[in-house]
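Single-letter residue listing:
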Amino acid sequence: MSGIALILAGHGSHVSANTAGVVWAYVDRLRSWGAADEITACFWKEAPAFSQVLDTVLADDVVIVPVFTARGYFTSEVIPIELGLDGNASEHNGKRIQLTRPIGEHPRLRSIVDNRLRETIEEYELPPADTAVAIIGHGTRRHRGSRDTAREQALRIRRLNWFREVVDVYLDDEPAIPSVYRDTRAANIIALPYFLADGSHVRQDLPRALGISDLDAANCVNGRRVFYCEPVGSHESICQAILDLAREAGLPFAERKPPSAWRGFPIAGRSALLHTLARQKTLQFGQVKVDRRRVWHSDNRTEGKTFTSPAALRAFLRDDPFRPLATSADLPAGWQVPLDAPEQAHAVLETLYPGLIADWAASKRGALKTDALKAIGKRQNGLFQDIHRLPVNVIKMALDKVCGGCVRRPTWWPDAAQAGKDLPCRSACNLWLSTARQMGEAKL
């Protein structure tokens, strides 16, 4: 097929809904704008995985925008390796793939930073001459470039002579966050997270490192008043930055309002789903049932809550409590989604189980490509390097713990006993990899 696909590549999390949640919010908005024929996301720690997302879209031209604040370890190493890219322009099964700069390098971030600082000054009536600013980046010792954008923002604000002092500090690098109290003297400190997601780092790790407890008011630490800003990624103009970056690829990304909130989804596997629905009338898919009129949880005793938008459905099923594995067999019941047309069933299932329909359809036609554990271990250069060398008993323990509570069958491990599951899992997910690694370390 011809067409254009836009994919946002984020980090995801095993502990916070907001880390991937902010990326899905961007996706929802871009779909509402009709920005591309197919729009989706992919993640390191959640589904769909970096390594699998290209098989969920059918467009000939694909642009991937990294939802990261800097050109660091993930944007320069992990994403290209996991997606099998050869530079910023590549090909994959006949698709033309282009990888853009990360969002954090876009000039719009400057105005977002300035707005956050200005809003804090005005709200708390802070005198700039007695106020210090700390731009907080993530950083990583694995890639020095991860510090660049936060440091550049600090340098830019320092040159404006707007505040008494401006420093850049890092969660996972030097100078560390607590150094702000050593390296500044102003009575007031504005701490600005140069992060995109309002996730566990922003809500827990950064405040803990700063020694603050109230994120919405002044805190007193070491005799200084500390004011904590919202992260830059929550600003409404981020989606415009995403489109700007995507358009640098030379493709006509446009804003045109689609007729339904369920448009703009990745479409690989949709025809197979509709064909199956036409033949079977009612389809059991994981923990849900689908017919031509609605999608609902198999365990519903009543029709329950009715959802008419992807964002509302996703929040109900994923966020409270947070379910880091979309296919875990604990999907909340008591809901339904009425369908305006049978085609909408695909979008609903894609919201429930991101990326799964493409694998299900490939399995149906005998074309599913599994990703052996050995292949994963060999392409990794980080925590999961040589994961395939774990003792078999540890691998089986992790299979029982993670895969035993999932609606998918781990086809990537032939000896896995997962009877009664007809939804395939082509590759060990990040949650399994993390669990297996921890189990392996505990055995040492």
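See the structure above.
Description of the structure in this document.

**Notes on helix α3 (residues 108-124)**
Here is step 1 of the chain: Its 17 residues place the ends of α3 25 Å apart at the C-alpha level, agreeing with the 24 Å of an ideal helix rising 1.5 Å per residue.
Here is step 2 of the chain: Lining the buried residues of α3 we find β6 (131-137), α4 (148-159), β8 (188-193), β10 (224-228) and α7 (238-247).

**Describing the sheet that holds strand β12 (residues 288-290)**
Here is step 1 of the chain: Reading across from one edge, β11-β12-β13-β15-β14 is the order of the five strands in this open sheet, with mixed pairing throughout. Unpaired on one side and paired on the other, β11 (283-285) and β14 (305-306) mark the two borders of the sheet.
Here is step 2 of the chain: In the sheet, β12 pairs with strand β13 (residues 294-297) via three bridges, with the strands oriented antiparallel. Counted as the bridge partner of valine 290 is valine 295 from β13.

**Brief notes about the environment of glycine 21**
Here is step 1 of the chain: On the secondary structure map, glycine 21 appears in helix α1 (residues 17-33).
Here is step 2 of the chain: For glycine 21, a relative accessible area of 23% corresponds to the partly exposed category.
Here is step 3 of the chain: Remark: the alpha-carbon pair of glycine 21 and alanine 186, spanning 165 residues in sequence, is separated by 36 Å.

**Focus: the pattern of salt bridges**
Here is step 1 of the chain: Here the structure, examined in full by the defined rule, presents 25 salt bridges.
Here is step 2 of the chain: In this structure, the salt-bridge partner of glutamate 46 is arginine 318, at a minimum N-O distance of 2.8 Å. Residue glutamate 46 is found in the loop between β2 (38-43) and β3 (61-66), and its partner arginine 318 is found in helix α9 (residues 310-318); the two are separated by 272 residues along the sequence.
Here is step 3 of the chain: Exposure remark for arginine 318: the relative accessible area of 9% places this residue in the buried category.
Here is step 4 of the chain: Between aspartate 244 and arginine 108 there is a salt bridge, with its nearest N and O atoms 3.0 Å apart.

**Some details on the environment of threonine 282**
Here is step 1 of the chain: Mapped onto the elements, threonine 282 comes out in the loop between α8 (270-280) and β11.
Here is step 2 of the chain: By relative accessible area, threonine 282 is classed as partly exposed at 39%.
Here is step 3 of the chain: Between the C-alpha atoms of threonine 282 and glycine 304, which are 22 residues apart in sequence, the distance is 19 Å.
Here is step 4 of the chain: Residues in contact with threonine 282, not counting those within four places in the same chain, are Lys289, Val290, Asp291 and Trp296.

**Digging into the environment of proline 48**
Here is step 1 of the chain: Mapped onto the elements, proline 48 comes out in the loop between β2 and β3.
Here is step 2 of the chain: Expressed as a C-alpha distance, the spacing of proline 48 and phenylalanine 316, which sit 268 residues apart in the sequence, is 19 Å.

**Regarding the packing of helix α13 (residues 392-402) against helix α14 (residues 430-443)**
Here is step 1 of the chain: The N-to-C vectors of α13 and α14 enclose an angle of 135°; their axes lie 9 Å apart at closest approach. For the element pair α13 / α14, the angle class is oblique. Of the two possible hands of crossing, α13 and α14 adopt the one that is right-handed. Residues Asn393, Val394, Ile395, Met397, Ala398, Leu399, Lys401 and Val402 of α13 form the contact with α14, whose own contacting residues are Leu431, Trp432, Thr435, Ala436, Met439, Gly440 and Lys443.

Cut-offs and rules
Residues numbered from 1 in each chain as written. Predicted model: local features only at pLDDT ≥ 70, side-chain atom pairs only at ≥ 80, totals over all residues. Heavy atoms only, no water. Helix = DSSP H or I, 4+ residues; strand = E, 2+ residues; numbered from the N terminus. Expected span 1.5 Å × (residues − 1). Contact = heavy atoms within 4.5 Å. Pairing = 2+ DSSP bridges. Buried < 20%, exposed > 50% of the residue type's maximum accessible area, 1.4 Å probe, protein only. Salt bridge = Lys/Arg side-chain N within 4 Å of Asp/Glu carboxyl O. Axes fitted to C-alpha atoms, helices over the stretch in contact; angles between N-to-C directions. Parallel < 35°, antiparallel > 145°, perpendicular 65-115°, else oblique. Left-handed = near helix turned anticlockwise from the far one by under 90°.

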